[in-house]
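Structure assessment
This is what each chain is made of:
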Amino acid sequence: MEKFDWSKVEFARTPWRSRVIPDALPILIRWAQEGEAHSYSDLAQELHDTFGHEIKPRKDLYGTVAGGVAQALQWLSEQWKEPIPPLHAIVVNKNTKHPGEGAITISPAYFAGKKLDTEEERRAHLREAMEDVFTYPNWDRVARALGATMLTPSAGAAEEVAADAPLPLPKVQEGGRPESDEHKALKAWVASHPEEFVDFGCFPMGSNEKLLSSGDRLDAHFDNGRHRLAVEVKTSKCSEDELQRGVYQAVKYRAVLRAEQKAIRHVPNGEAILVCTRAPNKETRALIKRLQVRFQQVPLEAEQE
């Protein structure tokens, strides 16, 4: 493969951009490995702190910096003849927390063949793109191909627990226990109250024990033909370990729903939520935040019906 020349990047054809764009690549790769999106202001600050670049007062200028990285990855996609996730999509608007729709037009290799007619479809594919960036295993290979140095990822952003502290994994219980009356009542209540989940779509009555292609059964499932929602429920009597296991179950169910949607060429906008009748503790809240899981507390009466 020919050696990459940053001067070929259209966005890098000014003196400032030609210096800054190559240094933005290792920063974005580190953010991808840390699993967190950042704003253009964050990018400006990181370029200053890590490489000494002056901070421009107009933060929109950093959109072209991220765009320059995107153009480099597009070139590399053509060389490798395989799409590379759009790394620039994890640089988001500070207020909306979403990448701009320009993230799509600048990465034709990755978004080729995907349905992008409506804003909803574009948003869903951009969310999927961000997840692909965070799970892509070959960022070190990308860095080598483009001549970038690798920066050491940190453990993550500060949370309610100590900054950068690892969160212990929950204890896993071997073998199942009989389903309690409270659990049966709670999942039935959830399926019969779609109005509680309007933030995820306008759903008809849900169902219990929906079987997924992975072999998992959902406590509750909602589907309106455009959106799907998986619900994992935990009762007030569950241990904190069990509630944390529910966080990981929600991560899995979200991934499986979107995989099923992708398989049948539907918009991959499936979501999963963890529902409980009590609040999580500080450590579980940190885990929910770090893994970007939706959580909703419902009335205690829901498990007593």
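To keep things clear, this report deals only with the structure shown in the data block. (Residues numbered from 1 in each chain as written. Predicted model: local features only at pLDDT ≥ 70, side-chain atom pairs only at ≥ 80, totals over all residues. Heavy atoms only, no water.)

**A look at the overall build of the protein chain**
Along its length, the protein chain carries ten helices and eight strands. The principal-axis extent of the C-alpha atoms belonging to the protein chain is close to 70 × 45 × 35 Å. Residues counted as buried form 48% of the 305 residues belonging to the protein chain. Within the structure as shown, the protein chain displays about 15300 Å² of accessible surface, and the carbon and sulfur contribution to it stands at 51%. (Helix = DSSP H or I, 4+ residues; strand = E, 2+ residues; numbered from the N terminus. Buried < 20%, exposed > 50% of the residue type's maximum accessible area, 1.4 Å probe, protein only. Areas by Shrake-Rupley, 256 points an atom, 1.4 Å probe, with all protein chains shown as cover.)

**Concerning the pattern of salt bridges**
Counted by the stated rule, this structure contains 20 salt bridges. Measuring nitrogen to oxygen at the nearest pair gives 3.1 Å for the salt bridge that ties E182 to K237. Note that E182 is positioned in helix α8 (residues 181-191) and K237 in the loop between β6 (228-234) and α9 (240-263), a separation of 55 residues in sequence. The class for E182 is partly exposed, based on a relative accessible area of 23%. One salt bridge in this structure joins D216 and K252, with 3.0 Å as the shortest N-O distance. Within this pair, whereas D216 is found in the loop between β3 (210-211) and β4 (217-218), its partner K252 is found in helix α9, the two being separated by 36 residues in sequence. (Salt bridge = Lys/Arg side-chain N within 4 Å of Asp/Glu carboxyl O.)

**Side note on the environment of G206**
Looking at the element boundaries, G206 is found in the loop between α8 and β3. The exposure class of G206 is partly exposed, given its relative accessible area of 23%. Sequence spacing of G206 and H221 is 15 residues, and the spatial spacing of their C-alpha atoms is 5.5 Å.

**Remarks on the side chain of H53**
Checked against the element boundaries, H53 lands in the loop between α2 (40-51) and α3 (61-80). Excluding residues that lie within four positions of it along the chain, H53 makes contacts with R19, V20, D23, L47 and H48. (Contact = heavy atoms within 4.5 Å.)

**Notes on the packing of helix α1 (residues 15-34) against α2**
Running from N to C, α1 and α2 point in directions that differ by 105 degrees, and their axes come no closer than 10 Å. As judged from the angle between their axes, α1 and α2 are roughly perpendicular. Between α1, through V20, D23, A24, P26, I27, L28, R30 and W31, and α2, the contact on the second element is made entirely by D42, L43, E46, L47 and F51. Of the residues that constitute the contact of α1 with α2, the class distribution is nine nonpolar, no polar and four charged. (Axes fitted to C-alpha atoms, helices over the stretch in contact; angles between N-to-C directions. Parallel < 35°, antiparallel > 145°, perpendicular 65-115°, else oblique. Nonpolar A, V, L, I, M, F, W, Y, C, P; charged D, E, K, R; others polar.)

**Regarding the nonpolar core**
L43, V65, L87, W139, V142 and L146 are the most contacted members of the largest nonpolar core, which totals 39 residues. When contributions to this core are tallied by element, the ones reaching two or more residues are α1, α2, α3 and α7 (139-145). The greatest single-element share of this core, amounting to ten residues, is contributed by α1. With near-sequence residues (within four places) excluded, V65 lies in contact with W16, V20, I21, A24, L43 and L47. One finds C238, Y253, L257 and A272 within the second-largest nonpolar core, a separate group that totals 18 residues. (Core = buried A, V, L, I, M, F, W, Y, C linked by side-chain atoms within 4.5 Å.)

**Let's talk about the environment of L186**
Along the chain, L186 turns up in helix α8. Judged by relative accessible area, L186 falls into the buried class, the value being 0%. With residues up to four places along the chain from it excluded, the contact list for L186 reads V233, K234, T235, T277, V298, A302 and E303.

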